[in-house]
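Observations on the three-dimensional arrangement
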Amino acid sequence: MEISTRYILSQVFTIITYALLALTYYTKNRKIILIVSFLSIIANGIAYLFLDAYTGLAMCVVALVRNAIFIIDEKKNGKIDKIDRKDIIILIALFAISIGSAIFTYDGFLSLLSVFGTMLYTYSVWQKKTNTYKLLGIPIALLWIFYNIYIKSIFGIILETILLICSTTGYILQIKKK
């Protein structure tokens, strides 16, 4: 692995990604959370661009589309705890976009780790149970850790490992409360 200017910039944007993501956990205003989350996804996309990780970049585009759809739907229909036909159609469409993007950016089997991680995360935020969301955070983090190993993103590996620890701890604490 060559330490070039592009690589250093990728790691700077990776740190920005996770710093913004962490900031969302300490913000109470939903509008600010959504804005900061979008900025985090954009920074992540830039990091993947510098790493020539085009499947990861495509998954950032999918994440932006996913978040926009969920935001618009929630704003239009309010927060609903029941899954209906429209929700299923949205999930299928997002999966189709993920698969379509993967076809155009395929760079070997390991590049698909980002696709699986994105699809699993999409499902976790699509469904209505926080327990499922927290449980799925564990395999999602593992997929992204291995993807970051594949694309040689040192800070991606480190920071995603921290998220793995957080999601595992959060899930265990929720289980203990029950």
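That block above? That's the structure.
It should be emphasised that the depicted structure is a prediction, and the values quoted were computed from it without experimental measurement.

As a further point, take the pattern of salt bridges. Evaluated as defined, the whole model comprises three salt bridges. Note that arginine 6 is salt-bridged to aspartate 52, the shortest N-O span being 2.9 Å. Separated by 46 residues along the polypeptide, arginine 6 in helix H1 (residues 5–24) and aspartate 52 in the loop between helix H2 (30–50) and helix H3 (54–77) bring together distant segments of the chain. Its relative accessible area of 39% is what places arginine 6 among the partly exposed residues. Residue lysine 86 pairs with aspartate 87 through a salt bridge whose shortest N-O separation is 3.3 Å. Taking the relative accessible area as the measure of exposure, aspartate 87 reaches 6% and is therefore buried. Here the salt bridges do not stand alone but share partners, grouping Asp73, Lys86 and Asp87 into one network.

Moving on, we get to helix H6 (residues 130–150). Here H6 contains 21 residues, and its C-alpha end-to-end distance of 30 Å stays within 8% of the 30 Å for a straight helix at 1.5 Å per residue. Along H6, the sharpest change in direction is near 30° and occurs at glycine 137; proline proline 139 comes one to four residues later. Buried residues of H6: Leu136, Gly137, Ile140, Ala141, Leu143, Trp144, Ile145, Tyr147 and Asn148, and no others. Looking one or two places after H6, you find lysine 152, whose phi comes out positive at around 65°.

Quick notes on the rules
Residues numbered from 1 in each chain as written. Predicted model: local features only at pLDDT ≥ 70, side-chain atom pairs only at ≥ 80, totals over all residues. Heavy atoms only, no water. Salt bridge = Lys/Arg side-chain N within 4 Å of Asp/Glu carboxyl O. Helix = DSSP H or I, 4+ residues; strand = E, 2+ residues; numbered from the N terminus. Buried < 20%, exposed > 50% of the residue type's maximum accessible area, 1.4 Å probe, protein only. Expected span 1.5 Å × (residues − 1). Bend = angle between axes of the 7 residues up to and from the residue.

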